[in-house]
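Geometric and topological summary
If you want the building blocks of each chain, they are given just below.
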Amino acid sequence: MKRIFTALIAIAGMVSYSGTQAQISNYCTTNASFTSDSYIAGVSLNTINNTSTACTGYTDYTSLSTTLTKGATYSIEVTYGSCVGNHYTNYMGVWIDYNQNNTFDAAELVTSLGPTTFTGQVLSGTFTVPATASLDTTYMRVKSVETGSTPGPCGSFSWGEAEDYMIIIAPPYADDAGVASIDSPAAFCEGTRNVLATIQNYGSNQITSVLVNWSINGVAQTPVNHTTLLDTVGGVGSNTAQVLLGSNFFGAGVTDSIEVWTSNPNNTTDPNPVTDM
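Notes on the structure in this doc start here. (Residues numbered from 1 in each chain as written. Predicted model: local features only at pLDDT ≥ 70, side-chain atom pairs only at ≥ 80, totals over all residues. Heavy atoms only, no water.)

**Focus on the overall build of the protein**
Check the secondary structure of the protein and you find 0 helices and 18 strands. Here the protein, with 277 residues, has 47% of them falling under the buried criterion. Split by element, the accessible area of the protein, about 12,000 Å² in all, is 51% carbon and sulfur. (Helix = DSSP H or I, 4+ residues; strand = E, 2+ residues; numbered from the N terminus. Buried < 20%, exposed > 50% of the residue type's maximum accessible area, 1.4 Å probe, protein only. Areas by Shrake-Rupley, 256 points an atom, 1.4 Å probe, with all protein chains shown as cover.)

Below, the structure is given as structure tokens:
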């Protein structure tokens, strides 16, 4: 997974069927009683990038789907929209039915977002698909409600919107490594600083070698060949490791962009480039 870090160094859509009657079968229903205040203007997850301008209370987007891999980490973005131009404080919840029991269980709340503070705000969260998730087709519910805390997945509410999407759970790839985070540098005084990143094993095989590539302001730096064992998710050892990539002089008042990505896990082509960069 390529991570991009920008630091300023200081001296000191697709619209499917919609309507309150459209609900995925065998799941609890949910919809807003009023559609005059706020709605979900956008949802972005993996290959889903859906936008809307409709204030409907509930929308069935299960014709849209994306594939998520067990053990992999994903980022989801939800955009707050206003039906009348005014901001109304919303809290959001996202659920995925991992065990496919037709219920959005409490443990399947993958992220809570909010409060919103302005119209058009994009809120983001990350989650990891558990190794125990059942394979194949399931569903995700995204819900934004005018309230003071994270809403539940079911039932009616006064203002806001809920949306449902199809999710396909895939088995982990055999050799799949990626970058979980760029840990250093952060905002600091000018000078020479180490560049550190955390890599992660997302696959079903232990990884004994992986190339960690990086660049500064688009200029490729010398990659690091990491050869310390990365265990699998749920294994005895750690499936993450922090890697010292090198150092660089960062000047005052200059914006620098750092990119980090992996390649060649276990000396093979990574079958899942989504997690590489």
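**Notes on the side chain of Ser-215**
Summarising the element assignment, Ser-215 is placed in strand 14 (residues 210-216). The class of Ser-215 is buried, set by a relative accessible area of 4%. Look past the residues within four positions of Ser-215 in its chain and what remains in contact with it is Ala-220, Gln-221, Ser-257, Ile-258, Glu-259 and Trp-261. (Contact = heavy atoms within 4.5 Å.)

**A closer look at the sheet that holds strand 4 (residues 48-51)**
An order of 4-3-6-9 is seen for the 4 strands of this open sheet, with the pairing classed as antiparallel. Looking at which strands have only one partner, the edges of the open sheet turn out to be strand 4 and strand 9 (122-128). Within this sheet the neighbouring strands show an average axis-to-axis angle of 25°, counted without direction. By the bridge criterion, 7 bridges tie strand 6 (residues 73-82) to strand 9 in an arrangement that is antiparallel. Residue pairing in the sheet places Ile-76 in a bridge with Gly-125 of strand 9. (Pairing = 2+ DSSP bridges. Axes fitted to C-alpha atoms, helices over the stretch in contact; angles between N-to-C directions.)

**With respect to the pattern of salt bridges**
For the structure shown, the criterion picks out 1 salt bridge. Between Arg-141 and Asp-164 there is a salt bridge; the shortest N-O distance is 2.8 Å. Of this pair, Arg-141 sits in strand 10 (residues 136-145) while Asp-164 sits in strand 11 (residues 155-170); the two residues are 23 residues apart in sequence, bridging distant segments of the chain. Exposure class is identical for Arg-141 and Asp-164. Each is buried. (Salt bridge = Lys/Arg side-chain N within 4 Å of Asp/Glu carboxyl O.)

**Points about the sheet that holds strand 17 (residues 240-250)**
Overall, antiparallel pairing links the 3 strands, which are arranged 12-13-17 in an open sheet. Every other strand in the sheet has two partners, leaving strand 12 (177-184) and strand 17 as the edge strands with one partner each. The average undirected angle you get between the axes of adjacent strands in this sheet is 25°.

**Side note on the packing of aromatic side chains**
What the rule picks out here adds up to 5 aromatic pairs. An aromatic cluster is built from Tyr-27, Phe-104 and Tyr-139, whose rings are joined through pairwise contacts. (Phe/Tyr/Trp six-rings, centres within 6.5 Å; stacked < 30°, edge-to-face > 60°.)

**A few points about the nonpolar core**
Counting residues in hydrophobic clusters, the biggest one holds 28 residues, and the most contacted among them are Leu-68, Phe-127 and Met-140. For this core, the secondary-structure elements that each account for two or more residues are strand 3 (38-45), strand 5 (58-69), strand 6, strand 7 (91-96), strand 8 (109-113), strand 9, strand 10 and strand 11. The biggest single contributor to this core is strand 6, with 4 residues. (Core = buried A, V, L, I, M, F, W, Y, C linked by side-chain atoms within 4.5 Å.)

**A closer look at the state of the cysteines**
Taken as a whole and assessed by the stated rule, the structure comprises 2 disulfides. Note that Cys-28 is cross-linked by a disulfide to Cys-154, the S-S spacing being 1.9 Å. Handedness here is read from the sign of the S-S torsion; for Cys-28 and Cys-154, about -75°, the answer is left-handed. You can see Cys-28 sitting in the loop between strand 1 (3-8) and strand 2 (30-34) and its partner Cys-154 sitting in the loop between strand 10 and strand 11, a full 126 residues away along the chain. Judged by its relative accessible area of 24%, Cys-28 falls in the partly exposed class. Shown here is the disulfide that connects Cys-55 with Cys-83, its sulfur atoms set 2.0 Å apart. Judged by the sign of its S-S torsion, about -120°, the bond between Cys-55 and Cys-83 is left-handed. Within this pair, whereas Cys-55 is found in the loop between strand 4 and strand 5, its partner Cys-83 is found in the loop between strand 6 and strand 7, the two being separated by 28 residues in sequence. Here the cysteine-cysteine linkages of the protein are recorded as 1-4, 2-3, numbering only bonded cysteines and doing so in sequence order. (Disulfide = S-S within 2.5 Å.)

**Section: the pairing of strand 3**
The buried count for strand 3 comes to 7 of 8 residues, which makes it a mostly enclosed element. Here 7 bridges tie strand 3 to strand 6, and the two strands are oriented antiparallel to one another. What sits directly across from Tyr-39, in strand 6, is Gly-81. Pairing between strand 3 and strand 4: 4 bridges, direction antiparallel.

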